[in-house]
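A closer look at the structure
For reference, the chains in residue letters:
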Amino acid sequence: MERRRSLPDVLAGGIFVLIGGAFVVGSLGYQLGTPLRMGPGAFPLLVGLIVAALGLAIVVKGLIAGEVVAFGPIPWRAVAVIVLALVFFGFTVRGLGFVPTSAVTALLTTLASARVRPVMAVAVTAGLTTAATLIFVVGLQVRIPLWGPWLGF
Amino acid sequence: MELLDNLALGFSTALLVQNVLYCFVGVLLGTLVGVLPGIGPTATVAMLLPITFSFEPVTALIMLAGIYYGAQYGGSTTAILINLPGESSAAVTALDGHEMARQGRAGAALAAAAIGSFIAGTVATVALAVAAPPLARVALQFGPAEYFSLVLLGLIVSIALARGTALKALAMIALGVLLGTIGQDLYTGTPRFVFDQRELYGGIDFVSVAVGMFGVAEILRNLENEQTRTAIVGKVKNLWPTREDRRRMVGPILRGTGLGAALGVLPGGGHVLASFTSYAVEKRVSKRRQEFGHGAIEGVAGPESANNAAAQTSFVPLLTLGLPAHPVMALMVGAFIVHGITPGPNVITDEPALFWGLIASMWIGNVLLVLLNLPLIGLWVRMLRIPYQVLFPMIILFAAIGTYSLGFNAFDVYAIAFFGILGYILIKCGCEPAPLLLGFVLGPLLEENLRRALIISRGDASVFLTRPISAVLLALTVAALVVAVLPAIRRRREVVFTEDD
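Residues numbered from 1 in each chain as written. Chains lettered and ligands numbered in written order. Predicted model: local features only at pLDDT ≥ 70, side-chain atom pairs only at ≥ 80, totals over all residues. Heavy atoms only, no water.

What follows concerns the domain arrangement of chain A. Interfaces are often described in size by the accessible area the parts lose on coming together. Domain annotation for chain A reports domain 1 (7-65) and domain 2 (76-151). For domain 1 of chain A versus domain 2 of chain A, the separation of C-alpha centres amounts to 38 Å. (Domains from an automatic or database assignment.)

This next bit is on the packing of helix α5 (residues 91-102) of chain B against helix α12 (residues 298-313) of chain B. All names here are of chain B. Orientation of α5 relative to α12, taken along the N-to-C sense of each, is 145°, at an axis distance of 8 Å. Pair α5 / α12 crosses with left-handed handedness. Here α5 contributes Val92, Thr93, Asp96, Gly97 and Met100 to the contact with α12, which in turn contributes Gly299, Val300, Pro303 and Glu304. Class assignment for the residues of the contact of α5 with α12 results in four nonpolar, three polar and two charged. (Axes fitted to C-alpha atoms, helices over the stretch in contact; angles between N-to-C directions. Helix = DSSP H or I, 4+ residues; strand = E, 2+ residues; numbered from the N terminus. Left-handed = near helix turned anticlockwise from the far one by under 90°. Contact = heavy atoms within 4.5 Å. Nonpolar A, V, L, I, M, F, W, Y, C, P; charged D, E, K, R; others polar.)

Our next topic: the UniProt feature "domain: DUF1468" (unreviewed entry) in chain A. On the UniProt side, "domain: DUF1468" (unreviewed entry) is annotated at positions that read residues 11-145 of chain A here. Along residues 11-145 of chain A one finds 72% helix and 0% strand; the C-alpha atoms at either end are 43 Å apart. (UniProt positions renumbered as here; feature names shortened; annotations may be inferred.)

Let's shift gears to helix α6 (residues 106-140) of chain B. Under the 1.5 Å per step criterion, the end-to-end length of α6(B) is 48 Å for 35 residues, consistent within 8% with the ideal 51 Å. When the local axis directions of α6(B) are compared, the greatest deviation, roughly 30°, occurs at B:Ala132, which is followed within four positions by the proline B:Pro133. (Expected span 1.5 Å × (residues − 1). Bend = angle between axes of the 7 residues up to and from the residue.)

Further remarks concern the environment of B:Leu48. Residues and elements named next belong to chain B. Along the chain, the position of Leu48 falls in helix α3 (residues 41-48). Using a relative accessible area of 15% as the deciding quantity, one classes Leu48 as buried. A C-alpha to C-alpha distance of 19 Å links Leu48 and Leu438, two positions 390 residues apart in sequence. (Buried < 20%, exposed > 50% of the residue type's maximum accessible area, 1.4 Å probe, protein only.)

Here we take up the packing of aromatic side chains. In total, this model carries 16 aromatic pairs over all chains according to the counting rule given. Ring centres of A:Phe136 and B:Phe398 lie 5.4 Å apart, and the angle between their planes is 80°; on these two criteria the pair is classed as edge-to-face. With A:Phe136 in helix α5 (residues 118-139) and B:Phe398 in helix α18 (residues 388-407), this residue pair bridges two chains. Of the two residues, A:Phe136 and B:Phe398, neither departs from the other in class, the shared state being buried. Residues B:Phe418 and B:Phe419 carry aromatic rings whose centres are separated by 5.1 Å and whose planes lie at 90° to one another, so their mutual orientation is edge-to-face. Aromatic ring contacts, followed pair by pair, group A:Phe23, A:Tyr30 and B:Phe193 into a single cluster. (Phe/Tyr/Trp six-rings, centres within 6.5 Å; stacked < 30°, edge-to-face > 60°.)

Okay, here's the thing in structure tokens:
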């Protein structure tokens, strides 16, 4: 390992500092209590400080003698589509019902691959929706209505 | 003999029709996800956890355990045939196993892996049955101070095994503990960090964290550079190893079993460490050192045995102390809790049928694995042709449905997306996800025991050092921390020295 700056190290450390710091600030809003009866804020404050301190150490180390990590490309399309699919699922499953939500989620997810072909996407969507309905609703009796109230049934 | 009585009870439970059936389903699914690169056992167990809620507790645990050790087993098939380890611990198997396959000895390599795994699984199951009861008895003496120190030790030891720098692993653990504090405070009921969202009062579900970190993040990693998986799989023939091969396998299998059984107990992926160590040992003791890397059967038999033995004994800390040694074990803790059983030293006395039934089922599962794998090898090979474009939408959809059905809480699904992205970025920056999940699961335990110990000692923090067991555990924690950090120091000094030259 040679001495060099490492952007991934700085980024990772920055995330730790950010999240740790946010929890520290947040926990100051709760009672800290005494060592005998620790309040709800004490433990998160302590751990938040540890996370932030470790994050800071990682940043400093990343600037002086970072770990060489190959960062590689980011599949932006996959990131966006998968997040969208999951949020869509959570948001609509109650209203639209199991079948339409599953179908849209599956269809969106297939689009995450840069090399997807339309026929393939539709086939995968149909197959997965059928399989999921059979496994979860018919087989395991998960109590989610097949068609939701938003559809007017 | 008490042990024999207990095992008899175990087998009478494990041999019930539904238990054998779900053990079979478990190892079948486990082999499947082990064979397919890109789906790990952690994501699979997380997705299937909700399915098992309607089962009897013992049946649910038997199936989940089957998925875990089945995956350890299935990973070797992919490693040998296409040089792609389906599971991290199979990476070592790929070294010599794939080389053997290229020389047309795939059959012998697969058989070595299967026989080694079976022997190791059998021995390690007995080791588990022998070691667990006394350990549980010791653990019953533990008060909150001891538990706090023990959990801390478990967390710190897990970083010694993680790849990447110790500093990052430490930060991941602490971040996991921190995220575990979200939700209502145990003692005062104060909702913490919930942003006035009722759905967050119960905390973030660990299934969301596991599916996000191990499922979604992994999918994003795989979508970085898409390429067609070249499944150049030749015909597998001559499964039965020659007499020469059989002779060369015995030593490595026995040594690997011993190593694996011992190292599997360690938290944080002892099975990976076990297979790497076994490979190193075999290479050192072998008279044919130059053959390693060029298709030495010892290099397959040893690590595969070690890996499978470790998979069995990693249940020891879970069943005796309630501490998960592996992300899958962390999910099993959740399975226990859902069924109203607190994992820990009480399980063995309160639920003897469950405890011994689970152990006995592991041996049955190992028998099923041998029966499944050797004759059906052609089927598994064909599985490798399933395109990833079908697999990953299935993982995402099933993960969303499974997680939602846990509590019909949309936040659990949003959390998958959040942890998927967070995990993806952190993994890309060289952080391992496993310590975070362990921290997340053990964090509440850490806080609860810290506060309880301080209440009992009337606020005197020295209680952790004055109680002997706790003091010893803390000393071990410090030692583990030093060992974990030391190589980094040494390496950095080496760098300085070479620069001076």
